[in-house]
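A look at the structure
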Amino acid sequence: MHSPRPEGHLVLAGGGHTHALVLLRWAMAAQRRSGSGFVALDSAAITLVSRTSTALYSGMVPGLLAGLYDRDTCAIDLRRLCQLAGVVFIAAEITGLDPAGQTLVLAGRPPLHWDWLSLDVGSVTATPGPGAMAVKPLEPFLAWAEASLAEANHSQNQGLDQGLDLPIRGGGAAAVEVALALRGRGWRPALLLRGQELHLGSPAANRLGKRLLAEAGIAVRRQVEAAEPASLACTGSGAPLWLAAAGLPTEPGSGRVLTEPSLQVLGQPRLFASGDCGLIAADPRPASGVWAVRAAPTLAANLECCLSTPLAAEPSGLRRWRPQGRALQLLADGSRPAQPRAIALWGALAIGPSRLLWRWKNRIDQGFMDRFTALGAMARSDNAPGKDGGAMACRGCAAKLPAPTLAAGLRQAGLQGQAEDAAVIGRQGSGALLLQSVDGFPALVGDPWLNARLTTLHACSDLWACGARVTTAQALVTLPQAAPRLQQEWLAQTLAGIVSVLEPLGADLLGGHTLEGRDGAGLALGLSVNGEVGPEQHWAKGPLQPGQVLLLTRPLGSGVLFAAAMAGAAPAAWIDQALAQMQQSQAELVAPLRELGCRTCTDITGFGLLGHLGEMLAASPPELEVHLDAGAVPALPGALELLERGYASSLAPANAAALNLLQGPVRLCGPAGVAASAAVEAARQALWIDPQTCGPLLAALPAGAAQAALEGLKQRGFGAARVIGQVRSRG
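Residues numbered from 1 in each chain as written. Predicted model: local features only at pLDDT ≥ 70, side-chain atom pairs only at ≥ 80, totals over all residues. Heavy atoms only, no water.

Turning our eyes to something else, we now look at the overall build of the protein. Looking only at helices and strands, the protein has 23 helices and 34 strands in total. In terms of overall size, the protein behaves like a compact globule, its C-alpha atoms giving a radius of gyration of 29 Å where 731 residues would be expected to give roughly 27 Å. Taking all 731 residues of the protein together, the buried fraction comes to 54%. Sequence separation of at least 24 residues holds for 77% of the intrachain contacts in the protein that already meet a minimum separation of 6. In the protein, 57 side chains carry a positive charge and 55 a negative one; their mean positions are 7 Å apart. (Helix = DSSP H or I, 4+ residues; strand = E, 2+ residues; numbered from the N terminus. Rg over C-alpha atoms; globule rule 2.2 N^0.38 Å. Buried < 20%, exposed > 50% of the residue type's maximum accessible area, 1.4 Å probe, protein only. Contact = heavy atoms within 4.5 Å. Lys, Arg positive; Asp, Glu negative; His and termini not counted. Charge placed at Lys NZ, Arg CZ, Asp CG, Glu CD.)

Here is the structure:
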């Protein structure tokens, strides 16, 4: 029995605590294949848009600053959570909202249409002042803090006492916790207050806060002018300015969006707001993680109700949420990392500091995060691949047919011939060669715009590997079965993603064809790419020449990283780094490689490094061999670690046939005396057969050009490029 065709599009804007818990609920329902909300979710397309792929749990940030936790302990992997919940994840900065046009404005990419929109976009620091780093958003602040601390520690190691003074503007709970935490890391914070007192909620809380600061040796300066310089600003928070600019009803001062008790925005029944950016107009409460968490069940139930209601109708029976009158605050004292403490604030009461209270706070915080890690562990136990990729079929270029199957099919059809990246199909009047290539695969990521960018970059790589300039392309887009309005959105996003690659190249999208997938088929994209190159500038896969060196333009490992991501074993940072590399166009490398004497080149894609190196050798005289430096082949962060743990793409076992080259024309070499364990050697060899999407170029250069090539690539942002081998005559 097929699920109903999706009709509406729900967009979750922001990855705050409320949305994270809503996604957790849906992921658990999806794993059970039953339960509240599961059927409703099948009737809509759902997308989460977040600036970052992880959401930091605010309750643990002071402990993170104090060095009591590492980053992964405090971070919710939103991309993984979306995968488990069947939700599309988009990493993008939200810059605006058009309620009338029902679009969300995103930086650097086309607007996103929605039928329902839920806002949980957090807050930003209010009035940080000149030269001060704002505490919110958290990610830039944490990056600044780590960089500043590293610089201060370097100064100390050099015998200098510089960079340790840290004036902090603000006197609320966040300012106190941050000051105490950074004191524990060796800084000398001082709080700069506009008035006379701290703002911790009650006289007793203020007295306790002053005591903590005094014990930690943190100065408190009162009645400081707003213009006085500060390094850091913890001056309260407000909602992002684009919410008010969109014409939504907001609270004066804070800019928080005013809602009904159902969390629907006043006067906007298809819009919801929660977390730090939302405020129930009839029952206002200060921004707090406690209320963000407590709102999640109501928001989830109401969104599910909307999704199960026909688009033309208004949902009925929505839940109303009344937040509790007050919330317990547990504030961390990280000034003594070896003996952390906490205080408890409840109304007029203030208790602590106490190590027992810290243990209680830590237990609550760890329990919150365990809800997400336990879900990931369940998914891994069901789906974790072994060395052959298990039952999960990988996507992207790892979805191509195995090389032996492809070769056998071509022979049976009588279509044998030398493999080339692109075919010469004619000449222009000027004499330039006309080239054509085709590529495509099932969507590697759920975001149709990003998937189109990756597919287009991957397809263009065939032309760049021939030394050519891309001129035109045609697209074959396969869309899932859904309502026309959704298919229109997916098609528009896909075409915009293609154009985002072609436009900087001066290339045109001529047209193409569209199909609707059947029997649950998802998004897929194929491209026919055309280009031109002068006859004397055309590169083939071979022949290689003795004395050449082989240069790899960037690291390998995308296959295993995305295979492990399917099993929840790849941290978000590794996938972020892989996607950042994969979106980097290699078009600008063609001209400098040509100037340095490149005449032979290929790109590393589905058959892996050894598979495509084997194609170069097959196009070369049989007396040649390649001396491959086993330790020089660069890997994306996390790739070798995952390979050592037994993760692999589902195409890797078929690619393993290329390891036979190590018994023939490919010889391993490396610096004398450098040895590696059997596990490391096995991981390295697994890397060489790992299928790549948007993989590197492998260029053969004169040996004397190697250093200039590496320096030139580094200037262009390809600092991980490496010379990985030499071409020699046998014997």
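What follows picks up the thread again.
With that settled, the discussion passes to the confidence of the model for the protein. Scored by pLDDT, the protein has a mean of 91; 93% of the residues are at 70 or more. When the criterion is pLDDT under 50, residues 34–40 qualifies, and its contacts beyond four places in sequence or with other chains add up to 11 contacts. (pLDDT = per-residue confidence, 0-100.)

Attention now goes to the sheet that holds strand 21 (residues 329–333). Ordered in space as 21-22-23, the 3 strands form an open sheet in which the pairing is antiparallel. Both edges of this open sheet fall to strand 21 and strand 23 (349–354), since each of them pairs with a single strand only. This sheet shows a mean twist of 15° between the axes of neighbouring strands, independent of strand direction. Where strand 21 lies against strand 22 (residues 341–346), 5 bridges are found, and the strand directions are antiparallel. Counterpart to A332 in the pairing with strand 22 is A342. Of the strands in this sheet, strand 21, strand 22 and strand 23 are in contact with helix 8 (residues 203–215), which crosses strand 23 at around 20°. (Pairing = 2+ DSSP bridges. Axes fitted to C-alpha atoms, helices over the stretch in contact; angles between N-to-C directions.)

Here we take up the sheet that holds strand 6 (residues 94–98). Taken in spatial order, the 3 strands make up an open sheet running 6-7-8, and their pairing is antiparallel. On the outer flanks of this sheet lie strand 6 and strand 8 (112–113), each paired with one strand and no other. Inspection of the sheet shows strand 6 paired to strand 7 (residues 103–106) by 4 bridges, in the antiparallel sense. Counterpart to D98 in the pairing with strand 7 is T103.

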